[in-house]
Amino acid sequence: MCRLPSLCRQQLQLLTDARFQPYVEVFHSFGFGDRLKAVLISQIYPLSGFLGEDGKPEVKIRPGRNSKKPTKRHLSLRRFQKALGVAPSLEASGDKRKTKVVGGSDLCRLSLWQWVYTRLEPKRSRLKNEIGEFLGEKLVAEKEAGRPVKLVRMKIAAIGTRLLFRELVKALASEKM
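Model, not experiment: these values are computed from the prediction. Per chain, residues are indexed from 1 in the order of the written sequence. Confidence filtering applies because this is a predicted model: local features only for residues at pLDDT of at least 70, side-chain atom pairs given and counted only at 80 or more, and all residues used for totals across whole chains, interfaces and linings. Just so you know, side-chain values use all the structure's heavy atoms and leave hydrogens and water out.

Visitor: Looking at this model, I keep getting lost on the overall build of the protein chain. Mind explaining?
Guide: On a plain count of helices and strands, the protein chain comes out with seven helices and four strands. If you list the helices and strands of the protein chain from N to C, you get α-α-α-β-β-α-β-β-α-α-α. Summary of the burial criterion: residues with accessible area below 20% of their type's maximum are buried, those above 50% are exposed, and those between are partly exposed, where the area comes from a 1.4 Å probe applied to protein chains only. Taking all 177 residues of the protein chain together, the buried fraction comes to 36%. In what follows, a contact means two residues having at least one pair of non-hydrogen atoms within 4.5 Å. A sequence separation of at least 24 residues applies to 49% of the contacts in the protein chain between residues at least 6 apart. We get accessible surface area from the Shrake-Rupley algorithm with a probe of 1.4 Å; when it comes to residues, only the shown protein chains can shield them. Summed over its atoms, the accessible surface of the protein chain is roughly 11,700 Å², and 54% of this surface lies on carbon and sulfur atoms. Runs of E in the DSSP output that reach at least two residues are strands. Runs of H or I that reach at least four are helices, and both are numbered from the N terminus.

The structure is reproduced here in structure tokens:
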């Protein structure tokens, strides 16, 4: 329950705004609550800010560092994940290499972690759609592999944001047509 009822009413009222309808529909398929929807919209609206000039996700192809084969760099997706606080960044110093999440919204990162903890981890509250089944299976597989639970939750949140980005791009592209 929200501590400031007027704030909750304002959030709910904003979520019913026509500008946010495609976003809210996609969020519903992910099982996000109203607070998480509001937090995410505050960070990612408008999605066109993450896309290229043509309105499509920006992807650059470069030769790989080691293989020299062409590899794709999904720049729009990286910016989206960075805004939500789930983009890993590599820190290297001498022989040590460390992957760490730095930057982005701490509130989004925490909210996504809680979403994984409360909506995907318990089987009884898991989403009954493709997204819930896919993320739930990944979560179980990672836990059974013996990985640390906190790391698994963040990894699932990152995978969830990748799926979210793709679904939002699809929804907004079909809306324009």
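From this point on, the discussion continues.
Visitor: For this particular structure, what's the right way to read the nonpolar core?
Guide: Buried together is how nonpolar side chains tend to be arranged in soluble globular proteins. Only buried residues count toward a nonpolar core, which is a set of Ala, Val, Leu, Ile, Met, Phe, Trp, Tyr and Cys residues joined through side-chain atoms within 4.5 Å. Of all hydrophobic cores here, the largest spans 41 residues; its most connected members are Phe27, Phe32, Leu47, Phe80, Trp115, Leu164 and Leu168. Elements with a minimum of two residues in this core: α2 (21-30), α3 (34-44), α4 (75-84), α5 (106-120), α6 (130-144) and α7 (149-176). The greatest single-element share of this core, amounting to eleven residues, is contributed by α7.

Visitor: Can you walk me through the side chain of Thr161 in this structure?
Guide: When you line up the elements, Thr161 lands in helix α7. Given a relative accessible area of 1%, Thr161 falls into the buried group. We call two N or O atoms a polar contact when they sit within 3.5 Å, provided that within protein one can donate a hydrogen and the other can accept it, with sequence-adjacent residues counted only if both atoms are side-chain atoms. Here the side chain of Thr161 touches Ala158 through a polar contact of 2.7 Å, landing on its backbone oxygen. Leaving out residues up to four positions away in the same chain, Thr161 has contacts with Phe80, Gln81, Leu84, Val86 and Leu112.

Visitor: Just to check I follow, could you spell out unusual backbone geometry for this structure?
Guide: When glycine is set aside, most residues are seen to have a negative phi, and most peptide bonds are trans. Residues Tyr45 and Pro46 are joined by a peptide bond in cis, for which omega reads -10°. Position of Pro46 among the secondary structure elements: in the loop between α3 and β1 (59-63). The phi dihedral of Lys68 is positive, around 65°, even though this residue is not glycine. For Lys68, the position within the fold is in the loop between β1 and β2 (70-74). Classification of Lys68 as exposed rests on a relative accessible area of 57%.

Visitor: Help me understand the environment of Ser125 in this model?
Guide: Examined against the element boundaries, Ser125 turns out to sit in the loop between α5 and α6. In the structure, Ser125 is positioned 94 residues away from Gly31 in sequence and 9.8 Å away in space, judged by C-alpha atoms. If we ignore the near neighbours within four places in the chain, the residues touching Ser125 are Thr118 and Arg119.

Visitor: Which parts of the structure should I look at to understand the packing of α2 against α7?
Guide: Two packed helices can be described by the angle between their axes and the distance between those axes. Angles here are taken between N-to-C directions and fall from 0 to 180 degrees, while the axes themselves are lines fitted to C-alpha atoms, restricted in helices to the stretch in contact. Relative orientation of the contacting elements α2 and α7 amounts to 140°, with a least axis distance of 9 Å. As far as their axial angle goes, α7 and α2 are oblique. Handedness of the α2/α7 crossing: right-handed. Contacts from Pro22, Tyr23, Val26, Phe27 and Phe30 of α2 reach α7 at Gly160, Leu163, Leu164, Glu167, Leu168, Ala171, Leu172 and Glu175. Amino acid classes used here: Ala, Val, Leu, Ile, Met, Phe, Trp, Tyr, Cys and Pro are nonpolar; Asp, Glu, Lys and Arg are charged; the rest, including Gly, are polar. Tallied by class, residues from the contact of α2 with α7 come to ten nonpolar, one polar and two charged. When describing relative orientation, an angle under 35 degrees is termed roughly parallel and one over 145 degrees roughly antiparallel, while 65 to 115 degrees is termed roughly perpendicular and anything else oblique. A clockwise turn of the near helix away from the far one marks a right-handed crossing, whereas an anticlockwise turn of less than a right angle marks a left-handed crossing.

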